[in-house]
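If you want the building blocks of each chain, they are given just below.
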Amino acid sequence: MREKGLLIVLSGPSGVGKGTVRKALFSQPDTAFEYSISMTTRLPRDGEVDGIDYFFKTRNEFETLIEEGKLLEYAEFVGNYYGTPVDYVRQTIESGRDVFLEIEVQGAKQVREKFPEGLFIFLAPPSLSELESRIVNRGTESEETIRRRMKAAKDEIELMDLYDYVVENDHVDTACERIKSIVTAEHCRRDRVSARYKKMLEAE
Ligand code: 5GP
């Protein structure tokens, strides 16, 4: 029997750099996880490509996916829906590969309920002022959106307790190394590997 892959969830406040860390991780040749591309009703930003950055959907299409139970989790964030396709996640895990989700905290909470054995990593900002300047410097958001994102970020930091690990995003490369080390350690956890060794002994 093949061992299942890990469900790795990277979450944390808006603007903390989840997307940047995820992109850096997936640009490294030794990263062995599969990225689960999310669905969203948000419009593409400049340079974003359907099927690579997100699957861009209309609200109607998204609500049909919800009704049909096609999403592992979903959340409405700053006026748009975001969600994770359940079939891709299940198939990847069943095939023994690790799947990586980069999602906001409400969604992470739902995944925790459905998949308590997942690996939940909270990406934390070095400080709140640093977080605000990152959102402002992105230059893509209106003042009202920045205000709403900062409010959401403060509420989100309080949800840290739901996670197994906290990684400070002081430098992107350091954060990536920490995440990979956590995943490596997680693969060695006794409760994840003991079944394999029991089988080995039985086969003797
Ligand atoms: P953005 O609009 O900046 O791409 O993403 C906004 C927020 O939605 C980010 O915090 C991002 O991590 C989160 N997000 C992206 N995909 C998903 C998803 O599938 N589910 C949930 N719950 N959040 C997501």
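Treat the numbers as computed from the prediction; the structure is a model and nothing was measured. (Residues numbered from 1 in each chain as written. Predicted model: local features only at pLDDT ≥ 70, side-chain atom pairs only at ≥ 80, totals over all residues. Heavy atoms only, no water.)

Attention now moves to the overall build of the protein. Across its full length, the protein carries eight helices and nine strands. Here the C-alpha radius of gyration of the protein, 18 Å, is about what a compact globule of 204 residues would show, namely 17 Å. In terms of overall dimensions, the protein has C-alpha extents of about 65 × 40 × 30 Å along its principal axes. Across the 204 residues that make up the protein, the buried fraction comes to 44%. For the protein, restricting intrachain contacts to residue pairs at least 6 apart in sequence, the fraction spanning at least 24 positions comes to 67%. Of the accessible surface of the protein, which amounts to about 11,300 Å², a share of 50% is contributed by carbon and sulfur atoms. In the protein, the 30 positive side-chain charges and the 38 negative ones have mean positions that sit 2 Å from each other. (Helix = DSSP H or I, 4+ residues; strand = E, 2+ residues; numbered from the N terminus. Rg over C-alpha atoms; globule rule 2.2 N^0.38 Å. Buried < 20%, exposed > 50% of the residue type's maximum accessible area, 1.4 Å probe, protein only. Contact = heavy atoms within 4.5 Å. Areas by Shrake-Rupley, 256 points an atom, 1.4 Å probe, with all protein chains shown as cover. Lys, Arg positive; Asp, Glu negative; His and termini not counted. Charge placed at Lys NZ, Arg CZ, Asp CG, Glu CD.)

Turning our attention to the packing of aromatic side chains. Enumeration over the complete set of coordinates arrives at eleven aromatic pairs. Look at F26 and F100: their rings are 5.5 Å apart centre to centre, the planes differ by 75°, and that puts the pair in the edge-to-face class. Pair noted here: F26 is in helix α1 (residues 18–27) and F100 is in strand β7 (residues 99–102), with a separation of 74 residues, a long-range link. Looking at F26, the relative accessible area reads 28%, which means it is partly exposed. Its relative accessible area of 0% is what places F100 among the buried residues. Through successive ring pairs, a cluster of aromatic residues spans F26, F33, Y35 and F100. (Phe/Tyr/Trp six-rings, centres within 6.5 Å; stacked < 30°, edge-to-face > 60°.)

Let us now look at the domain arrangement of the protein. The domain architecture assigned to the protein consists of domain 1 (1–33 + 98–204) and domain 2 (36–97). Relative to domain 2, the C-alpha centre of domain 1 lies at a distance of 17 Å. Contact with domain 1, which involves 28 residues of that partner, is made by 22 residues of domain 2. For the domain 1 and domain 2 pair, buried surface summed over both sides reaches about 2,000 Å², with 60% attributable to carbon and sulfur atoms. Of all residues in domain 1, V99, F115 and R149 give up the largest surface area on contact with domain 2, accounting jointly for 22% of the area buried on that side. Here domain 1 and domain 2 share one salt bridge between them. E94 is paired through a salt bridge with K4; the nearest N and O atoms lie 3.5 Å apart. Linking domain 1 with domain 2 are five residue pairs in polar contact (both at pLDDT 80 or more), by the criterion used here. (Domains from an automatic or database assignment. Buried area = accessible area lost by both parts, 1.4 Å probe. Salt bridge = Lys/Arg side-chain N within 4 Å of Asp/Glu carboxyl O. Polar contact = N/O pair within 3.5 Å; in protein donor to acceptor, adjacent residues only side chain to side chain.)

Moving on, we get to the site of the ligand. Residues in close proximity to the ligand total 16 residues, the closest being S38, R42, Y54, Y82 and E104. One of the side-chain N or O atoms of R45 is found 3.0 Å from an oxygen atom in the ligand. Here E104 contributes a side-chain N or O atom positioned 2.7 Å from a nitrogen atom of the ligand. Taking 510 Å² as the accessible area of the ligand by itself, protein coverage stands at 95%. Secondary-structure elements contributing two or more residues to the shell around the ligand are β5 (71–77) and β6 (80–85). The residue makeup of the shell around the ligand, split by class, is five nonpolar, four polar and seven charged. Counting contributing residues per domain, the shell around the ligand is built from domain 1 (1–33 + 98–204) and domain 2 (36–97), each supplying no fewer than three. (Near = heavy atom within 4 Å. Nonpolar A, V, L, I, M, F, W, Y, C, P; charged D, E, K, R; others polar.)

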